[in-house]
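# Overview (structure and organization)
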Amino acid sequence: MKTIELSDDRFEQIRLQAVAAGYQDVAAYLEALAADAAFDASCGMNEEQTRASAAECDAAVDRLKQHGGGTEFAAAWRTLGHEFGFKPRP
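The shown structure was predicted, so the numbers you read here are calculated from the model rather than taken from an experiment.

With that settled, the discussion passes to the overall build of the protein. When its secondary structure is counted, the protein shows four helices and zero strands. In the protein, the succession of α and β elements from N to C terminus is α-α-α-α. Here the C-alpha atoms of the protein give a radius of gyration of 24 Å, more than 25% beyond the 12 Å that 2.2 N^0.38 yields for 90 residues. Principal axes of the C-alpha set define a box for the protein whose edges measure 60 × 40 × 20 Å. Residues classed as buried in the protein amount to 8% of the 90 residues present. As displayed, the protein offers around 8200 Å² of accessible surface, 57% of which is attributable to carbon and sulfur atoms. Taken as two groups, the 9 positive and 15 negative side-chain charges of the protein have centres that lie 12 Å from each other.

Let us now look at the packing of aromatic side chains. Per the counting criterion, the structure on display carries three aromatic pairs. Taking 6.0 Å as the distance between ring centres and 20 degrees as the angle between the ring planes, the aromatic pair formed by Phe73 and Trp77 counts as stacked. Taken together, the positions of Phe73 and Trp77, both in helix H4 (residues 73–84) and four residues apart, correspond to about one turn of that helix. Of the two residues examined, Phe73 and Trp77, each falls in the exposed class.

Below, the discussion takes up a nonpolar patch on the surface. The grouping of Ile4, Leu6, Phe11, Leu30 and Leu33 at the surface amounts to a nonpolar patch, some 430 Å² of accessible area in total. Mapped onto the elements, Phe11 comes out in helix H1 (residues 8–20). Phe11 sits in the partly exposed class, given a relative accessible area of 38%.

Between its first and last C-alpha atoms helix H3 (residues 47–67) spans 30 Å; for 21 residues at 1.5 Å apiece the expected length is 30 Å, and the two agree. A positive backbone phi angle near 90 degrees is found at Gly68, which sits one or two residues after H3.

Mapped onto the secondary structure, Phe86 falls in the segment after H4. Exposure remark for Phe86: the relative accessible area of 55% places this residue in the exposed category. Sequence-distant contacts of Phe86, that is, excluding residues within four places in its chain, are made with Leu80 and Gly81.

As a further point, take the environment of Ala74. Considering the arrangement of structural elements, one finds Ala74 in helix H4. Along the primary structure Ala74 and Arg89 are separated by 15 residues, whereas in three dimensions their C-alpha atoms are 14 Å apart.

Looking at the largest pocket, its volume works out to about 290 Å³. Lining the largest pocket are Met1, Lys2, Thr3, Ile4, Leu6, Phe11, Val26, Ala27, Leu30 and Glu31. If you tally residues by element for the lining of the largest pocket, the top one is helix H2 (residues 26–42), at four residues.

So, about the pattern of salt bridges. Following the criterion strictly, the structure yields two salt bridges and no others. Measuring nitrogen to oxygen at the nearest pair gives 2.7 Å for the salt bridge that ties Glu12 to Arg15. Highlighted residues: Glu12 and Arg15, both in helix H1, separated by three residues, approximately one helical turn. Here Glu47 and Arg51 are joined by a salt bridge, their closest N and O atoms 2.8 Å apart.

Rules used throughout
Within each chain, residues carry numbers counting from 1 in the order of the written sequence. Totals for whole chains, interfaces and linings use all residues, but because this is a predicted model, local features are given only for residues with pLDDT of at least 70 and pairs of side-chain atoms are given and counted only at 80 or more. Values reported for side chains reflect all heavy atoms of the structure, with hydrogen atoms and water molecules removed beforehand. A run of DSSP states H or I qualifies as a helix once it reaches four residues; a run of E qualifies as a strand once it reaches two. Both are numbered from the N-terminal end. This radius of gyration counts C-alpha atoms alone. The globule rule is 2.2 Å times how many residues there are, raised to the power 0.38. Note on classification: 1.4 Å probe, protein chains only; a residue is buried when its accessible area is under 20% of the maximum for its type, exposed when over 50%, partly exposed between these limits. The Shrake-Rupley method, run with a 1.4 Å probe sphere, supplies the accessible areas, and residue values consider only the shown protein chains as cover. None of His or the chain ends enter the tally, which takes Lys and Arg as positive and Asp and Glu as negative. The atom standing in for a charge is NZ when the residue is Lys, CZ when it is Arg, CG when it is Asp and CD when it is Glu. Aromatic rings from Phe, Tyr and Trp, with only the six-membered ring used for Trp, were paired whenever their centres fell within 6.5 Å, and each pair was classed as stacked if the ring planes differed by under 30 degrees, edge-to-face if by over 60, and tilted otherwise. Without a salt bridge and with relative accessible area above 30%, a residue can belong to a patch; like charges are then joined within 9 Å and nonpolar side chains (Val, Leu, Ile, Met, Phe, Trp, Tyr) within 5 Å. Every case where a carboxyl oxygen of Asp or Glu lies within 4 Å of a side-chain nitrogen of Lys or Arg is listed as a salt bridge. For a helix, the expected span equals 1.5 Å multiplied by the residue count minus one. For this analysis, residues touch if any pair of their heavy atoms sits within 4.5 Å. Cavities and pockets were defined on a 1 Å grid built over protein atoms only: a cavity is a set of grid points that admits a 1.4 Å probe from which the probe cannot escape, a pocket is an open set flanked by protein on both sides within 12 Å along at least five of seven lines, and lining residues are those with an atom within 4 Å of any such point. Grid points are joined across faces, edges and corners, and a volume is the space filled by probe spheres set on the points.

So, to be careful, I would describe these as geometric facts and stop short of saying anything about function.
Structure, rendered in structure tokens:
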């Protein structure tokens, strides 16, 4: 385990954040923050899933570049409205 040094004021600030989050132990709070940050950064995916997701994104961007952008919003809205029977407001 590593030790970090914090000023008394900074430690108190973190302690109050921990208590507000429901933690009585600052170390447990900091470990939870680190775990959440790692989870958020990976979106819950393992390394292989992250690589596959990035490849899918890259392929989608390449398709857009090759074939042009998507559908203009107003046209897409009209198409969806027609498909689902929405009526425009008067």
